[in-house]
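The chain contents come next:
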Amino acid sequence: MRRLDVTPTITGKRVGESKTPAGKGRPVPLTQPAWAVLDLWTSRFPDRKSDHFVFPACENGRIDPGRPIANWRTAWRRACREAGLPGLRFHDLRHTAATKLLEEGTPIAVVAQTLGWSASTAVRMAKRYGHIRPEVQRQALDAVATADIRHGVNQIVHQVENTIQSKLSN
């Protein structure tokens, strides 16, 4: 887990290191439940300092907050197994977040900034990360259909039904 600056911002914490320049130093918005969990977790480390890792190394029962956890993947797999979610990858959470944000109509620019995508790759990333369900796509199309369009469609459907009925009765 990357080091987080513990100085709160309006939206949360800030990412220290990142794989891309767009991700470095960006704010990480946190929900109230996320803050509560982090507060509970950090309360276990009363001597914690701002440059300490969120998930510190632990060897032979000794915690070293100046170093990150040695094997994040092992800890993640164990947590998933115990939660009954074997095979869930940590990265799947980014895909889920992107999909939910996009399905709710969040502008791509906001999703890109939240997830640390650069402006030049935002659309490509939205396509890769956003797995918009067909029913959500249908709802989006229904939302833009005006009453006039709906009325016209209903008239056409009624005419087709009448034509079919008359052909069946002949």
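Rules of the game
- Sequence order as written defines the numbering, with residues in each chain counted from 1.
- At least 70 in pLDDT is required for a residue's local features to be given in this predicted model, at least 80 for side-chain atom pairs to be given and counted, and no such filter applies to totals for whole chains, interfaces and linings, which use all residues.
- Excluding hydrogens and water, the side-chain values take into account all heavy atoms of the structure.
- Only DSSP runs of H or I reaching four residues or more are called helices, and only runs of E reaching two or more are called strands; each is numbered from the N terminus.
- Residue contacts are defined here by distance: any two heavy atoms, one from each residue, within 4.5 Å place the two residues in contact.
- Method for areas: the Shrake-Rupley scheme with a 1.4 Å probe, in which residue coverage is limited to the protein chains shown.
- Salt bridges are counted wherever a side-chain nitrogen of Lys or Arg sits within 4 Å of a carboxyl oxygen of Asp or Glu.
- Partly exposed residues are those whose accessible area sits between 20% and 50% of the maximum for their type, while under 20% is buried and over 50% is exposed, using a 1.4 Å probe and protein chains only.
- For the purposes of this section, nonpolar cores are sets of buried Ala, Val, Leu, Ile, Met, Phe, Trp, Tyr and Cys residues that join through side-chain atoms within 4.5 Å.
- Here, any two strands with at least 2 DSSP bridges between them count as paired.
- Centres within 6.5 Å are what make two rings of Phe, Tyr or Trp a pair, Trp counting through its six-membered ring; a difference in plane orientation under 30 degrees is then read as stacked, over 60 as edge-to-face, and the rest as tilted.
- To define axes, lines are fitted to C-alpha atoms, for helices over the stretch in contact only, and angles between the resulting N-to-C directions are given on a 0 to 180 degree scale.
- By definition in this entry, angles of less than 35 degrees are roughly parallel, angles greater than 145 are roughly antiparallel, angles of 65 to 115 are roughly perpendicular, and the rest are oblique.
- Crossing handedness: left-handed means the near helix sits turned counterclockwise from the far one by under a right angle, and right-handed means the same turn made clockwise.
- Predictor confidence is given residue by residue as pLDDT, running from a minimum of 0 to a maximum of 100.

S.K.: How should the overall build of the protein chain be read in this particular structure?
M.R.: Counting secondary structure elements, the protein chain contains seven helices and five strands. Secondary structure of the protein chain in N-to-C order comes out as β-β-β-α-β-β-α-α-α-α-α-α. Taking the intrachain contacts of the protein chain between residues at least 6 apart in sequence as the baseline, contacts between residues at least 24 apart amount to 30%. When the accessible area of the protein chain is evaluated, it comes to approximately 12700 Å², of which 58% is carbon and sulfur surface.

S.K.: What exactly am I supposed to notice about the side chain of His-95 here?
M.R.: By the element assignment, His-95 lies in helix H3 (residues 92–103). When near neighbours in sequence (up to four residues on either side) are disregarded, His-95 contacts Arg-128, Tyr-129 and His-131.

S.K.: Would you mind going over the pattern of salt bridges with me for this structure?
M.R.: It is possible for side chains of opposite charge to pair when their charged atoms get near one another. Inspection of every chain in the model, using the stated rule, returns six salt bridges. Ionic pairing is found between Arg-133 and Glu-135, a salt bridge with its closest N-O pair at 3.1 Å. Assessed through its relative accessible area of 35%, Glu-135 is described here as partly exposed. Three or more residues joined by partner-sharing salt bridges are found here, namely Glu-59, Asp-64 and Arg-67.

S.K.: What should I look at first to understand the environment of Leu-38 in this one?
M.R.: Counting through the fold element by element, Leu-38 comes out in helix H1 (residues 32–42). When the C-alpha positions of Leu-38 and Val-54 are compared, they lie 8.5 Å apart, and in sequence the two are 16 residues distant. Ignoring anything within four residues of it in the chain, the contact list for Leu-38 reads Leu-30 and Val-54.

S.K.: Got a minute to help me understand the nonpolar core in this structure?
M.R.: General note: in soluble globular proteins, nonpolar side chains tend to be found buried as a group. Of all hydrophobic cores here, the largest spans ten residues; its members are Ala-98, Leu-102, Val-111, Ala-112, Leu-115, Trp-117, Ala-122, Met-125, Ala-126 and Tyr-129. Ranked by the residues each element gives to this core, the list is headed by helix H5 (residues 122–129), at four residues. With near-sequence residues (within four places) excluded, Tyr-129 lies in contact with His-91, Arg-94, His-95, Ala-98, Thr-99 and Trp-117.

S.K.: Would you mind showing me how to read the pairing of strand E5 (residues 62–68) here?
M.R.: Where strand E4 (residues 56–59) and E5 come together, four bridges link them in antiparallel fashion. Each residue of the ladder has a partner; that of Cys-58, found in E5, is Ile-63.

S.K.: Where do I start with the packing of aromatic side chains in this structure?
M.R.: How two aromatic rings sit relative to each other is given by the distance of their centres and the angle of their planes. Overall, the coordinates contain six aromatic pairs when judged by the stated rule. Judged by centre distance (5.7 Å) and plane angle (40 degrees), the rings of Trp-41 and Phe-55 are tilted. Of this pair, Trp-41 sits in helix H1 while Phe-55 sits in the loop between H1 and E4, and the two are 14 residues apart along the sequence. Trp-41 gets classed as partly exposed once you look at its relative accessible area, which sits at 25%. Ring centres of Trp-72 and Phe-90 lie 5.4 Å apart, and the angle between their planes is 90 degrees; this geometry places the pair in the edge-to-face category.

S.K.: Even after reading the chapter, I still don't get the packing of H3 against helix H4 (residues 108–115), so can you show me in this structure?
M.R.: Each pair of packed helices can be summarised by the angle the axes make with each other and by the distance between the axes. Interhelical geometry of H3 versus H4 gives an angle of 155 degrees and a closest axis separation of 10 Å. Relative to H4, H3 is oriented roughly antiparallel. Our pair here, H3 against H4, has a crossing hand that is right-handed. Residues Arg-94, Ala-98, Leu-101 and Leu-102 of H3 touch H4, and the partners they reach there are Ile-108, Val-111 and Leu-115.

S.K.: Please explain the confidence of the model for the protein chain as it appears in this structure.
M.R.: Low pLDDT means the predicted coordinates in that region are not meant to be read closely. Chain-level statistics for the protein chain give a pLDDT mean of 81 and a share of 84% at 70 or above. The least confident element of the protein chain is strand E1 (residues 4–5), whose mean pLDDT is 44; the most confident is H3, at 92. Ignoring residues within four places in sequence, the model shows residues 1–11, a span with pLDDT below 50, making 31 contacts including any to other chains.

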